[in-house]
Amino acid sequence: MKPTAVAVIGLGLMGSRMAARLLGAGHRVRGYDPDPARMEEFRVAGGEEAGSPVEAVEGTWAALLSLPNSDVSRQVCLEDAGIAAAGRPLYVFDATTGRPSDAVEIGQSLGEVGIEYGDATVSGNAPVAAAGQLVVMFGGSTEAYEAGEPIFTAIGRSHHHVGPVGAGSRMKLIVNHVLAIHRLALAEGLVVAELASLDLGATLEVLKDSLAYSKAMDIWGERIIAGDHLPPSARLRQSHKDARLILEHGRQLGASLLLMEVVEAALEQGEQGGLADFDNSAVAEVVRRRAGIGRWPEEEG
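All figures in this text were calculated on a predicted structure; none of them were measured in a lab. (Residues numbered from 1 in each chain as written. Predicted model: local features only at pLDDT ≥ 70, side-chain atom pairs only at ≥ 80, totals over all residues. Heavy atoms only, no water.)

### Re the sheet that holds strand β1 (residues 5-9)
Taken in spatial order, the eight strands of this open sheet run β3-β2-β1-β4-β5-β6-β7-β8, and their pairing is mixed. Each edge of the open sheet is held by one strand with a lone partner, namely β3 (48-49) and β8 (156-163). In the sheet, strand β4 (residues 62-65) pairs with strand β5 (residues 90-94) via four bridges, with the strands oriented parallel. Residue pairing in the sheet places A63 in a bridge with V92 of β5. (Pairing = 2+ DSSP bridges. Helix = DSSP H or I, 4+ residues; strand = E, 2+ residues; numbered from the N terminus.)

See below:
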């Protein structure tokens, strides 16, 4: 594949791994993040540093965004020194987990200056991103989806065109909705096994071999058993943010959300109990604390 120049804006747990995959696939990568430490790590990895979002897209055909929320996406795309100021045709692929309505609004505003936007949300955490095994869920035009294939192939094991702009964000919220329930269900089951004096390794092995199996067991099972929630592959506070978005989205549609409400309450308790920057597997610590067998000192978040 002929090397191309791509911008990556947001170089945190996910963005840095996606940038590394693009570099490894032969792309030139220009990057921007407001955190100087992240910028230095990116430079050492072979990336080209930029001083702003609009500077990052200079000489590139596309930008990949990986940001904390869609409010930050709006700033990066539309405010001073944002991507819109580039004033030329460009593709923007936004992997940020945010409100679907924000994706639609950002896409419309960028379209007015000739920039094609799609919400290219991803399923996976930092280790999954580092291995290039993300699943990409793209909302946008067919043209933009086809143009983005070299990026999606570099960062993921599969990619899906799920509808117009906004559909990628909706699909991501649905995926995270189910996944968050699986993660809490696994934590709850393992804590019950712990209280019952069952061998937790054997319990996990049986769960994986049974109809109860989910990929949550592969990703978080050992961490939950060990109570090992640092360093994070995805932070509990980000999962809590996602849970609030999932509830907001579902309520707008009139959906029943009883299970997700239980998950959100557990994540709220974890964030307030000092677990905000732990891995999202730390929802198990919330379950353990409720049972009186917590393994980490409880701190006010």
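### A look at the packing of aromatic side chains
Tallied over the full model, the rule gives nine aromatic pairs. On the basis of an interplanar angle of 5° and a centroid distance of 6.0 Å, the ring pair of Y91 and F93 is categorised as stacked. Each member of the pair, Y91 together with F93, is buried. For the ring pair F93 and F152, a centre distance of 5.4 Å and an interplane angle of 75° mean the geometry is edge-to-face. One end of the pair, F93, is in strand β5; the other, F152, is in helix α8 (residues 149-155), and 59 residues separate them in sequence. You can call F93 buried: its relative accessible area is 0%. Its relative accessible area of 1% is what places F152 among the buried residues. Taken together, the ring pairs in this structure connect W61, Y91, F93, F138, Y145 and F152 into an aromatic cluster. (Phe/Tyr/Trp six-rings, centres within 6.5 Å; stacked < 30°, edge-to-face > 60°. Buried < 20%, exposed > 50% of the residue type's maximum accessible area, 1.4 Å probe, protein only.)

### Here's the deal with the environment of V162
Considering the arrangement of structural elements, one finds V162 in strand β8. Take V162: its relative accessible area is 27%, and that puts it in the partly exposed class. Separated by 18 residues in sequence, V162 and A180 have C-alpha atoms that sit 21 Å apart. If we ignore the near neighbours within four places in the chain, the residues touching V162 are M137, F138, G139, A167, G168 and M171. (Contact = heavy atoms within 4.5 Å.)

### Thoughts on the pairing of strand β7 (residues 134-139)
Most of β7 sits inside the fold, with six of its six residues counted as buried. The alternating pattern of β7 places L134, V136 and F138 and V135, M137 and G139 on opposite faces, both of which are buried. Where β7 and β8 come together, six bridges link them in parallel fashion. Bridge pairing in β8 places V135 opposite S158.

### Digging into the packing of helix α13 (residues 258-275) against helix α14 (residues 283-290)
Two elements in contact, α13 and α14, have axes whose closest approach is 9 Å; the angle formed by their N-to-C orientations is 90°. Comparing the axis directions of α13 and α14 gives the class roughly perpendicular. The segment α13 lies against α14, with A265, A266, L267, Q269, G270, G273 and L275 engaging V283, E285, V286, R289 and R290. Along the lines of polarity and charge, the residues of the contact of α13 with α14 split into six nonpolar, three polar and three charged. (Axes fitted to C-alpha atoms, helices over the stretch in contact; angles between N-to-C directions. Parallel < 35°, antiparallel > 145°, perpendicular 65-115°, else oblique. Nonpolar A, V, L, I, M, F, W, Y, C, P; charged D, E, K, R; others polar.)

### Here we look at the pattern of salt bridges
Evaluation of the coordinates by the stated rule reveals 19 salt bridges. Residue R38 pairs with D35 through a salt bridge whose shortest N-O separation is 3.9 Å. Across the pair D277 and R237 runs a salt bridge, and its minimum N-O distance is 2.6 Å. Of the two residues, D277 sits in the loop between α13 and α14 while R237 sits in helix α12 (residues 236-253), which places them 40 residues apart along the sequence. Three or more residues joined by partner-sharing salt bridges are found here, namely D71, R74, R99, D102, E105 and E248. (Salt bridge = Lys/Arg side-chain N within 4 Å of Asp/Glu carboxyl O.)

### Side note on unusual backbone geometry
In this model, L230 is joined to P231 through a cis peptide bond whose omega is -5°. Following the sequence through the fold, P231 ends up in the loop between α11 (215-226) and α12. Of note, A81 is a non-glycine position whose phi angle comes to about 65°, a positive value. Within the secondary structure, A81 is located in the loop between α4 (70-78) and β5. The exposure class of A81 is partly exposed, given its relative accessible area of 37%. We note that S197 has phi near 65°; this positive angle belongs to a residue other than glycine.

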